[in-house]
Amino acid sequence: TDAAGSHRPDRRPARAPPAGSCRHWADLNDLAFEPYGLTQAFSVGGFLYMDSEQAAVGLIRRLHDAARNGAGTVELWGSGTPRRELLHADDLGAAVIHLLDHYDEPEPINVGTGFDVAISDLAAMIADVVGFHGLIVPDRRRPDGTPRKLLETSRIRDLGWRPRVGLRDGLITT
């Protein structure tokens, strides 16, 4: 959104400041501060947390465009073996509300599903959801990136929160 609160799809969201900066600002203004570690969150209209186009949002865009245009192939950057954790925005909202009611500690707490998926499997799932019937071809000349991005979520689970939107169901509604 811009300063007036209008949605600006042509602009990426600003990077979040470090938690220490937020805590300092909250202390100066006598506000509560709850630090959360967050995985990629997605919903209708795009991904909510990204400082660059992440693998998943790029796949959704490219596979949707390929299905709509009748393309025969889509390139998958790298080998497809890296794994990513994804969280639906509805679950993110529910987690924040749950934490506001059940968590009052200064230590950060991770918000995620606790499950990851190989990018190649994610691509196949997205292709099925958007109706792409062509080939997904790995381009091993491109970098894989971090092998695995998965948060340790036992603390939030111990507080009784669990994600409710499955990956496939979330992709369908996105």
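Reading the values: the criteria
- Residues numbered from 1 in each chain as written.
- Predicted model: local features only at pLDDT ≥ 70, side-chain atom pairs only at ≥ 80, totals over all residues.
- Heavy atoms only, no water.
- Helix = DSSP H or I, 4+ residues; strand = E, 2+ residues; numbered from the N terminus.
- Contact = heavy atoms within 4.5 Å.
- Areas by Shrake-Rupley, 256 points an atom, 1.4 Å probe, with all protein chains shown as cover.
- Buried < 20%, exposed > 50% of the residue type's maximum accessible area, 1.4 Å probe, protein only.
- Polar contact = N/O pair within 3.5 Å; in protein donor to acceptor, adjacent residues only side chain to side chain.
- Pairing = 2+ DSSP bridges.
- pLDDT = per-residue confidence, 0-100.
- Expected span 1.5 Å × (residues − 1).
- Core = buried A, V, L, I, M, F, W, Y, C linked by side-chain atoms within 4.5 Å.

### Some remarks on the overall build of the protein chain
At step 1: Of regular secondary structure, the protein chain possesses 6 helices and 10 strands.
At step 2: Once local pairs closer than 6 in sequence are excluded, the contacts in the protein chain between residues at least 24 apart make up 84%.
At step 3: For the protein chain, the computed accessible surface area is about 10,700 Å², with 53% contributed by carbon and sulfur atoms.

### Some remarks on the environment of Thr113
At step 1: Note on placement: Thr113 falls in the loop between strand 7 (109-111) and strand 8 (117-118).
At step 2: The class of Thr113 is buried, set by a relative accessible area of 9%.
At step 3: Along the primary structure Thr113 and Leu86 are separated by 27 residues, whereas in three dimensions their C-alpha atoms are 7.0 Å apart.
At step 4: Leaving out residues up to four positions away in the same chain, Thr113 has contacts with Glu85, Leu86, Leu87, Thr153, Arg157 and Pro163.

### Structural notes on the environment of Val137
At step 1: By secondary structure assignment, the location of Val137 is in strand 9 (residues 135-139).
At step 2: For Val137, a relative accessible area of 35% translates into the label partly exposed.
At step 3: In contact with Val137, not counting residues within four places along its chain, are Thr73, Val74, Glu75 and Leu76.

### Observations concerning the side chain of His88
At step 1: Note that His88 resides in strand 6 (residues 86-88).
At step 2: Here His88 falls in the buried class, since its relative accessible area comes to 4%.
At step 3: A distance of 3.0 Å separates a polar side-chain atom of His88 from the backbone nitrogen of Asp90.

### Let's talk about the sheet that holds strand 10 (residues 148-149)
At step 1: Pairing is mixed in the open sheet, where 3 strands are placed in the order 8-5-10. Edge strands, defined here as strands with exactly one partner in the open sheet, are strand 8 and strand 10.
At step 2: Pairing of strand 5 (residues 83-84) with strand 10 involves 2 bridges; the strand directions are parallel. Directly across from Arg84, in strand 10, lies its bridge partner Lys149.

### Here's the deal with the confidence of the model for the protein chain
Close inspection of predicted coordinates is inappropriate for parts of the model with low pLDDT.
At step 1: The share of residues in the protein chain with pLDDT of 70 or more is 70%, and the mean pLDDT across the chain is 79.
At step 2: Segment residues 1-21: pLDDT under 50, and 11 contacts once partners within four positions in sequence are set aside and those in other chains are kept.
At step 3: With pLDDT under 50 throughout, residues 48-52 is counted as low confidence; its partners more than four residues away or in other chains account for 12 contacts.

### Looking at helix 3 (residues 89-102)
Each α-helix winds once per 3.6 residues, and so residues spaced three or four apart point in a common direction.
At step 1: For helix 3, spanning 14 residues, the distance from its first C-alpha to its last is 20 Å, which sits close to the expected 20 Å at 1.5 Å a residue.
At step 2: Regarding helix 3, the residues found buried are Ala89, Asp91, Leu92, Ala95, His98 and Leu99.

### A short note on the nonpolar core
At step 1: Leu59, Leu63, Leu122, Ile126 and Phe132 are the most contacted members of the largest nonpolar core, which totals 16 residues.
At step 2: Of all elements in the fold, only helix 2 (55-69), strand 4 (73-77) and helix 4 (119-130) reach the threshold of two or more residues within this core.
At step 3: Apart from residues lying up to four places away in sequence, Leu63 is in contact with Val74, Ala123, Ile126, Ala127, Val130, Phe132 and Ile136.
At step 4: Core analysis: the second largest hydrophobic core is formed by 10 residues, Leu87, Ala95, Tyr103 and Val111 among them.

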